[in-house]
Amino acid sequence: MVFSGTNSRYLAEKICNSLGCELGNMNIMHFADGEFAVSYEESIRGAHVFLVQSTFPNSDNLMELLLMIDAAKRASAKSIVAVIPYFGWARQDRKDKPRVSIGAKLVADLLSVAGIDRLITMDLHADQIQGFFDVPVDHLYASGVFLPYIESLQLEDLVIATPDVGGSKRASTYSKYLGVPLVLCNKTRLKANEVATMQIIGDVKNKNVILIDDMVDTAGTITKAADIMKEAGAISVRAIASHCVMSGPASERVQNSGLEEMVFTDSIPYANRCSKVKQLTIADMFAETIRRVMNNESISSQYII
């Protein structure tokens, strides 16, 4: 049985269409002070329950999921699987300075204590977050939808690039699979969400560049990288990122940048329309994973790279 939180219902409906099942009936009641309560409007006793909810800000999305898990546990569900296409707080995966929290570990503990038996997620900001859980984690990759799209563009003189050194491993797997060169960008920050300087490591002159990243928040880094590459002689610059966070001025920055297009998955809903932004659905990939988990089949064949 598949259920959804409020803001991921659009994706849960697509997943159910792919699975050929009905989306479960759930009620979320809101109180005047902002508190809310969830209830299942049908019996889930002895059922394998899949809860679809990305935990993007605000924190209501995470709290909804926690209440859904707790309610399912108390309603005697046989197993509870959290389907979290976008795992929030993932940028806080370590102590990078004194006296800070490790938010990703805290969220993992909250989900575990609430009562999940398995997690299905996609493109974690840091792979080691899988180790924060003591339950099985199926970590999917958006490359399953992105690589066929890149190949459909049939671009000549293609170069894969990353807007920062931290994403070099992800970009390297794309470049090796496609058999094209890899270009890196080295950036320094003055503070969060603000890039100070950026240098290109590699040649982009007369090349069609595709920037690869896991998420775009304010779009400052990726648009700056695109503009610098255009100045360095790139024929065209496109960007591909798994998660469409797109906060604040992001849409305007993408629209006014040198990017030809910005391609995301639909792991997060995107309301601010921008003519350069395109979303590819991951519903079929998650539906197939859910089917294989239910049938105790291997999911490794779903990975292109």
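This report concerns the structure included in the present document. (Residues numbered from 1 in each chain as written. Predicted model: local features only at pLDDT ≥ 70, side-chain atom pairs only at ≥ 80, totals over all residues. Heavy atoms only, no water.)

Running from amino to carboxyl end, helix α4 (residues 143-153) crosses helix α5 (residues 168-178) at an angle of 45°, the nearest separation of the two axes being 12 Å. Between α4 and α5, the angle is such that the two are oblique. Viewed along their axes, α4 and α5 form a crossing whose handedness is right-handed. For the pair α4 and α5, contact is made by S143, F146, L147, I150 and E151 and by Y174, Y177 and L178, respectively. Residues belonging to the contact of α4 with α5 are distributed by class as follows: six nonpolar, one polar and one charged. (Axes fitted to C-alpha atoms, helices over the stretch in contact; angles between N-to-C directions. Helix = DSSP H or I, 4+ residues; strand = E, 2+ residues; numbered from the N terminus. Parallel < 35°, antiparallel > 145°, perpendicular 65-115°, else oblique. Left-handed = near helix turned anticlockwise from the far one by under 90°. Contact = heavy atoms within 4.5 Å. Nonpolar A, V, L, I, M, F, W, Y, C, P; charged D, E, K, R; others polar.)

So, about the sheet that holds strand β1 (residues 2-4). Here five strands make up an open sheet; going across it, the order is β1-β4-β5-β6-β7 and the pairing parallel. Since the sheet does not close on itself, it has two edges, and those belong to β1 and β7 (137-140), each with one partner. Averaged over neighbouring strand pairs, the angle between their axes works out to 20° when direction is ignored. Relative to strand β4 (residues 48-52), β1 is paired through three bridges, and the arrangement is parallel. Note that in β4 the partner of S4 across the bridge is V52. (Pairing = 2+ DSSP bridges.)

Time to look at the environment of E64. Position of E64 among the secondary structure elements: in helix α2 (residues 60-74). E64 sits in the buried class, given a relative accessible area of 4%. In the structure, E64 is positioned 27 residues away from A37 in sequence and 8.1 Å away in space, judged by C-alpha atoms. Look past the residues within four positions of E64 in its chain and what remains in contact with it is G5, T6, I28, F36, V38 and Q53. Among the polar contacts made by the side chain of E64, one reaches the side chain of T6 at a distance of 2.7 Å. (Buried < 20%, exposed > 50% of the residue type's maximum accessible area, 1.4 Å probe, protein only. Polar contact = N/O pair within 3.5 Å; in protein donor to acceptor, adjacent residues only side chain to side chain.)

An ideal rise of 1.5 Å per residue puts 16 Å on 12 residues; helix α3 (residues 103-114) measures up with 16 Å between its terminal C-alpha atoms. The inward-facing, buried residues of α3 abut α2 and β5 (79-84). Directly after α3, the chain includes G115, whose backbone phi takes a positive value near 130°. (Expected span 1.5 Å × (residues − 1).)

A word on unusual backbone geometry. Peptide bonds are trans in most cases, and residues, glycine excluded, mostly fall at negative phi. Residue N58 is bonded to the preceding P57 through a cis peptide linkage, with omega at 10°. For Q154, which is not glycine, the phi torsion reads 50° and is therefore positive. Considering the arrangement of structural elements, one finds Q154 in the loop between α4 and β8 (158-162). Although it is not a glycine, D157 adopts a positive phi angle of roughly 50°. Mapped onto the elements, D157 comes out in the loop between α4 and β8. Here D157 falls in the partly exposed class, since its relative accessible area comes to 45%.

So, on to a nonpolar patch on the surface. Residues Y177, I304 and I305 make up a contiguous nonpolar surface patch of roughly 230 Å² in combined accessible area. Within the element layout of this structure, Y177 appears in helix α5. We classify Y177 as partly exposed; its relative accessible area is 39%. (Patch = residues over 30% accessible without salt bridge, like charges linked within 9 Å, V, L, I, M, F, W, Y side chains within 5 Å. Areas by Shrake-Rupley, 256 points an atom, 1.4 Å probe, with all protein chains shown as cover. Salt bridge = Lys/Arg side-chain N within 4 Å of Asp/Glu carboxyl O.)

Inspection of every chain in the model, using the stated rule, returns three aromatic pairs. Look at F3 and Y40: their rings are 4.8 Å apart centre to centre, the planes differ by 85°, and that puts the pair in the edge-to-face class. Here F3 is found in strand β1, whereas its partner Y40 is found in strand β3 (residues 36-40), with 37 residues between them in sequence. Like Y40, F3 is buried. Between Y141 and Y303, the aromatic rings sit 5.5 Å apart at their centres with planes inclined by 65°, giving edge-to-face as the arrangement. Separated by 162 residues along the polypeptide, Y141 in the loop between β7 and α4 and Y303 in the segment after α8 (283-294) bring together distant segments of the chain. (Phe/Tyr/Trp six-rings, centres within 6.5 Å; stacked < 30°, edge-to-face > 60°.)

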